[in-house]
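An overview of the molecular structure
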Amino acid sequence: MTTFLGSPTFHPGTGNIRGTESFPDAARKALTDTQLRANLGAATTTIRNKRIAAVAEVDDWEELRRAGSALKADVMARLPELLVQFEENVTARGGTVHWARDAEEANRIITDLVRATGSDEVVKVKSMATQETGLNEHLEENGIAAIETDLAELIVQLGEDKPSHILVPAIHRNRAEIREIFLNAMPGVDKDITDDPRALAMAARAHLRRKFLSAKVAISGANFGIAETGTLAVVESEGNGRMCLTLPDTLITLMGIEKLVPTFTDLEVFMQLLPRSSTAERMNPYTSMWTGVHPGDGPQNFHVVLLDNGRTNVLADETGRSALHCIRCSACLNVCPVYERAGGHAYGSVYPGPIGAILSPQLTGTTGHDDPNASLPYASTLCGACFDACPVRIDIPSILVHLRAEQVDSERHGLPGGQDLAMKAAGFVMGSERRFAAAETAAKVGRVLGGRSGRITSLPYPASKWTASRDLPAPPKETFRQWWARTHEDTTR
């Protein structure tokens with residue numbers, strides 16, 4: 001028996017991992033939403049500061065990061081054999097394993113499994129994988145209601161919205177907006193409810209309790225799958241996941257093939273890295289693990305759907321494959337100046353921020369300059385804050401540069417393009433001391449364009465491609481060379 005691990009030819013990932021417009025166009029619209037920027041700024045600042053304090057408590061944090069990185073690299077190197085081992089152990093313990101090449105196949109498998117139970121409603125644990133495949137929409141099209149039980153996911157669902165953050169999907173909403181969503185869309189909510197966080201949480205609890213007690217089918221994702229034992233693990237902060245994982249008769253888990261760890265012992269490293277990096281907690285309030293089926297205890301029908309959806313394409317790229325190391329903590333989003341200002345929706349994919357900028361284009365592939373995902377590797381200042389924050393040391397800036405180079409190379413068609421000409425011109429100028437000095441002197445003319453503000457905000461084409469989204473500082477009155485000559489003219493005598 002052989003296990004399918006991906007097509008030898010490129011098989012693009014599908015689902016909610018490609019938007020309809022480029023990042024610059026989407027971000028330009030998002031930047032006009034002052035409420036969105038205020039919500040994001042407040043939330044990311046709070047999470048960022050809490051994480052710094054939580055990480056500072058751990059003396060061997062850098063050693064833990066290196067251990068996490070090494071473990072994920074080992075998984076990528078042995079992924080085929082680990083997946084087979086995982087399947088064998090799940091099956092031996094009463095579970096059933098299904099393999100899905102892409103989002104459509106995963107959705108079809110899960111829908112058929114739900115239909116086989118006779119149920120027309122499922123409760124869901126927060127899951128990026130099901131967001132990726134668009135499972136909720138597919139179930140709805142087939143007459144099955146999917147109830148999100150994570151509070152933030154519920155807010156997004158009731159508001160007919162889309163998630164904008166990996167960890168906090170409703171980060172773009174403030175509590176006044178959430179109150180309006182509950183009043184408009186939550187059945188049985190008190191019309192006099194306030195926007196007090198506790199009141200909103202209690203309303204959601206009352207709404208969801210009825211669903212938990214009546215649900216026959218639950219659908220989850222997984223933070224980790226352990227190859228050695230066939231165990232799956234979900235970490236969460238609210239307890240809704242524990243309810244979904246224990247009460248229904250049938251449990252269906254959708255897991256990306258990269259989520260494996262080799263042994264139970266390896267989980268120790270990630271259980272220290274993940275909570276501090278994501279929710280800034282020493283440990284997750286709820287850590288649920290399950291291994292197969294246990295008669296009379298918990299779900300009696302257990303299915304795992306292993307999702308490729310472009311992951312083997314990423315695995316094939318020696319430089320880009322470390323994007324698959326991601327443990328979905330969202331730390332890179334919370335430190336990214338681009339994400340903080342543009343928000344998650346601008347990325348088009350359910351994976352926003354720095355990790356989305358490297359993961360989504362690799363999962364889907366890009367079909368040319370006009371492909372919305374082709375612009376994602378450019379959605380970064382390359383400041384490196386994402387690498388510093390990443391608990392498994394994914395070198396996101398280097399992968400961004402790698403993907404940019406691939407994109408540029410893919411668009412070469414014999415004749416040099418505008419970027420090639422610009423770089424050749426820059427090389428010509430910088431290749432001569434005299435030419436570079438002359439260019440510096442000529443650039444001082446630009447001081448007029450800076451005006452009183454000292455910022456150049458608009459230039460004619462092709463420089464307008466830069467100033468459309470960035471300002472330029474006006475050139476200084478005196479170049480460095482001129483300053484040096486003036487202040488050190490006697491040093492060689």
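Each chain has its residues counted from 1, following the order in which its sequence is written. Local features in this predicted model are restricted to residues of pLDDT 70 or higher, and side-chain atom pairs are both shown and tallied only at a pLDDT of 80 or more, whereas totals for entire chains, interfaces and linings draw on every residue. Hydrogens and water are ignored here; the side-chain numbers use all heavy atoms of the structure.

All right, on to the packing of helix α3 (residues 61-77) against helix α12 (residues 267-278) then. Axis lines are fitted to C-alpha atoms, over the contacting stretch for helices. Their N-to-C directions set the angle, which ranges from 0 to 180 degrees. Secondary structure elements follow DSSP: runs of H or I no shorter than four residues count as helices, runs of E no shorter than two count as strands, and numbering proceeds from the N terminus. The interhelical angle for the contact between α3 and α12, taken along N-to-C directions, is 115 degrees, at an axis separation of 9 Å. The chirality of how α3 crosses α12 is left-handed. Residue-level contacts link W61, L64, R65, A67, G68, L71 and K72 of α3 to V269, F270, Q272, L273, R276 and S277 of α12. Across the contact of α3 with α12, the residue classes break down as seven nonpolar, three polar and three charged. Here is the rule for handedness: rotate from the far helix to the near one, and if that takes an anticlockwise turn smaller than a right angle the crossing is left-handed, while a clockwise turn gives right-handed. Whether two residues are in contact is decided by their heavy atoms: any pair within 4.5 Å suffices. Amino acids outside the nonpolar list (Ala, Val, Leu, Ile, Met, Phe, Trp, Tyr, Cys, Pro) and the charged list (Asp, Glu, Lys, Arg) are all regarded as polar, and Gly is one of them.

Okay, the environment of E140 next. For E140, the position within the fold is in helix α7 (residues 135-141). Residues E140 and G451 lie 311 residues apart in sequence; the distance between their C-alpha atoms is 57 Å.

A few words on helix α16 (residues 353-364). Its twelve residues place the ends of α16 17 Å apart at the C-alpha level, agreeing with the 16 Å of an ideal helix rising 1.5 Å per residue. Partly exposed describes any residue whose relative accessible area lies between the buried limit of under 20% and the exposed limit of over 50%, with all areas from a 1.4 Å probe on protein chains only and scaled to the type maximum. Of all twelve residues in α16, twelve are buried; the element is thus mostly enclosed. Looking at the packing, one finds that the buried side of α16 touches α6 (128-133), α13 (311-315), α14 (331-335), α15 (337-342), α17 (385-389) and α18 (396-410). Immediately downstream of α16, the backbone of G365 shows phi near 70 degrees, a positive value. What a helix should span is 1.5 Å times the count of its residues minus one.

Looking now at α12. Compared with the 16 Å implied by 1.5 Å per residue over twelve residues, the 16 Å span of α12 between its first and last C-alpha is a close match. For α12, the tally of buried residues reaches ten of twelve residues, placing the bulk of the element in the interior. Residues of α12 that are buried: L267, V269, F270, M271, L273, L274, P275, R276, S277 and S278. Positive phi appears at A280, one or two residues downstream of α12, with a value of about 60 degrees.

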